[in-house]
Amino acid sequence: AIAAYAATVKGHPDYSDAHHRLAQLYLDEKDDFNGAITEFENVLSLPENEQLIFKQYAVAYTNLGHAYYEKGNHKMAENRNEAAQYYAKALQNLKMSKQNTRFFPAEEYDQAVHDTYFYLALSYQKLFMITNRSSMLSDANLAWRDYFDFFPKKLEGDPVFAEHRDTARKFW
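Here the residue index of a chain counts from 1 through its sequence in written order. This being a predicted model, a pLDDT of at least 70 is required before a residue's local features are given, and a value of 80 or more before pairs of side-chain atoms are given or counted; all residues contribute to the totals for chains, interfaces and linings. The side-chain numbers reported here are obtained from all heavy atoms of the structure, hydrogens and water having been left aside.

Turning to the packing of helix α5 (residues 59-75) against helix α7 (residues 109-131), a few remarks are in order. To get an axis, a line is fitted to the C-alpha atoms, and for a helix only the part in contact is used. The angle between two axes follows their N-to-C directions and goes from 0 to 180 degrees. Strands are runs of DSSP state E lasting at least two residues, helices are runs of H or I lasting at least four, and both sets are numbered from the N terminus onward. Here α5 crosses α7 at 35°, and the two axes come no closer than 9 Å. With respect to the hand of their crossing, α5 and α7 are arranged in left-handed fashion. Between α5 and α7, the contacting residues are V59, T62, H66, Y69, E70 and N73 on the first element and A112, D115, T116, Y119, L122, S123 and K126 on the second. Following the grouping adopted for this structure description, the nonpolar residues are Ala, Val, Leu, Ile, Met, Phe, Trp, Tyr, Cys and Pro, the charged ones are Asp, Glu, Lys and Arg, and the polar ones are all others, Gly among them. Residue composition of the contact of α5 with α7, grouped by class: five nonpolar, five polar and three charged. For any pair of crossing helices, the crossing counts as left-handed if the nearer helix is rotated counterclockwise from the farther one by less than a right angle, and right-handed if it is rotated clockwise. Contacts are residue-level and defined by heavy atoms, with any inter-residue pair within 4.5 Å sufficient.

Another point: the nonpolar core. When a protein is soluble and globular, its nonpolar side chains tend to lie buried together. Remark: nonpolar core denotes a set of buried residues (Ala, Val, Leu, Ile, Met, Phe, Trp, Tyr, Cys) joined through side-chain atoms within 4.5 Å. Relative accessibility decides the category of a residue: with a 1.4 Å probe and only protein chains considered, values under 20% of the type maximum give buried, values over 50% give exposed, and everything between is partly exposed. Core analysis: the largest hydrophobic core is formed by 49 residues, its most contacted members being F40, Y87, F118, Y124, W144 and Y147. Residue assignment for this core shows that the elements contributing at least two residues are α2 (15-28), α3 (33-45), α5, α6 (80-99), α7, α8 (134-149) and α9 (159-171). The greatest single-element share of this core, amounting to 12 residues, is contributed by α7.

What follows concerns the layout of surface pockets. The space that makes up the largest pocket amounts to roughly 430 Å³. A 1.4 Å probe that fits into a set of points on a 1 Å grid over the protein atoms alone but cannot get out defines a cavity; an open set with protein on both sides within 12 Å along at least five of seven lines defines a pocket, and lining residues are those with an atom within 4 Å of a point. Around the largest pocket sit 21 residues that line it, and H20, Q24, V59, N63 and E108 are the ones nearest its centre. By residue number, the principal contributor to the lining of the largest pocket is α2, which donates six residues. A breakdown of the residues in the lining of the largest pocket according to their chemical character gives eight nonpolar, eight polar and five charged. Roughly 150 Å³ of internal volume is contained in the second largest pocket. Around the second largest pocket, the lining is made up of 14 residues, and of these H12, P13, S16, L46 and E48 lie nearest the centre. Grid points are joined across faces, edges and corners, and a volume is the space filled by probe spheres set on the points.

What follows is about the side chain of N93. Mapped onto the secondary structure, N93 falls in helix α6. One polar contact links the side chain of N93 to the main-chain carbonyl oxygen of K89, over a distance of 2.9 Å. When sequence neighbours within four positions are dropped, the list of residues in contact with N93 reads Y61, L64, G65 and Y68. Pairs of N or O atoms are called polar contacts if they sit within 3.5 Å, as long as, within protein, a hydrogen donor faces a hydrogen acceptor (for residues adjacent in sequence, only side-chain-to-side-chain pairs).

Now for α8. Count 3.6 residues to each turn of an α-helix, and residues three or four apart come out pointing the same way. Its 16 residues place the ends of α8 23 Å apart at the C-alpha level, agreeing with the 22 Å of an ideal helix rising 1.5 Å per residue. Those residues of α8 that sit buried are M136, A140, A143, W144, Y147 and F148. Down the axis of α8, the sector holding all buried residues measures 135°, keeping them to one side. Turned more than 90 degrees away from the buried face of α8, the exposed residues are S134 and D149. Contact partners of the buried residues in α8: α7 and α9. What a helix should span is 1.5 Å times the count of its residues minus one. Relevant arc is that of directions from the helix axis to the C-beta atoms, nothing else.

Attention shifts here to the packing of aromatic side chains. Pairing of aromatic side chains here covers Phe, Tyr and the six-membered ring of Trp, requires ring centres within 6.5 Å, and sorts the geometry by plane angle: under 30 degrees stacked, over 60 edge-to-face, intermediate tilted. Inspection of the entire model under this criterion finds 13 aromatic pairs. A ring pair is formed by Y69 and Y87, whose centres lie 5.6 Å apart and whose planes are at 45°; its orientation type is tilted. Taken together, the residues Y69 in helix α5 and Y87 in helix α6 connect sequence positions 18 residues apart. Of the residues examined, Y87 reaches a relative accessible area of 0% and is grouped as buried.

The next subject is the pattern of salt bridges. In the sections that follow, a salt bridge refers to a side-chain nitrogen of Lys or Arg positioned within 4 Å of a carboxyl oxygen of Asp or Glu. Summed over the entire model, instances satisfying the criterion amount to seven salt bridges. When the shortest N-O distance is used, the salt bridge between D17 and R21 registers 3.4 Å. Of this pair, D17 and R21 both sit in helix α2, four residues apart, which is roughly one turn of the helix. Between K153 and E156 there is a salt bridge whose closest N-O contact spans 3.6 Å. Overall, the relative accessible area of 37% leaves E156 in the partly exposed class.

That is the geometry; function is a separate question.
In structure tokens form, the structure reads like this:
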């Protein structure tokens, strides 16, 4: 699948969809955060996607933010300053996503909303842990409150999301 999606060239009508799926594979299946970031940014750099003409790519900002968050986690032990830069990039993309949740595809809506709010709050929390700035703690607190206020009811019984919710309670 990776080879097939990667072979789709710019200009092809399915380029955005193929490379969005490729990025998702890198993120979810391969833990290749650099590959995921590159592909999500390629998709979002296309004018029609950047301007959200094709609304289904609004969720790509959540996925890109998630990839930057994970890359920050992997850098945390070796270089906290570099990790902070990745958390800041995660925040930038997740804020964009949060502003556009109304455009999320219906079949992915609940999970996308969850992921947007969850990784936004985690990114603020991790930045606070690195910088110890009170403004970051305040932002993290507000983000955690939003996370709990907007937690999708449909996900409450799902064990994966219950685990995320437990993690959120510990951080908050």
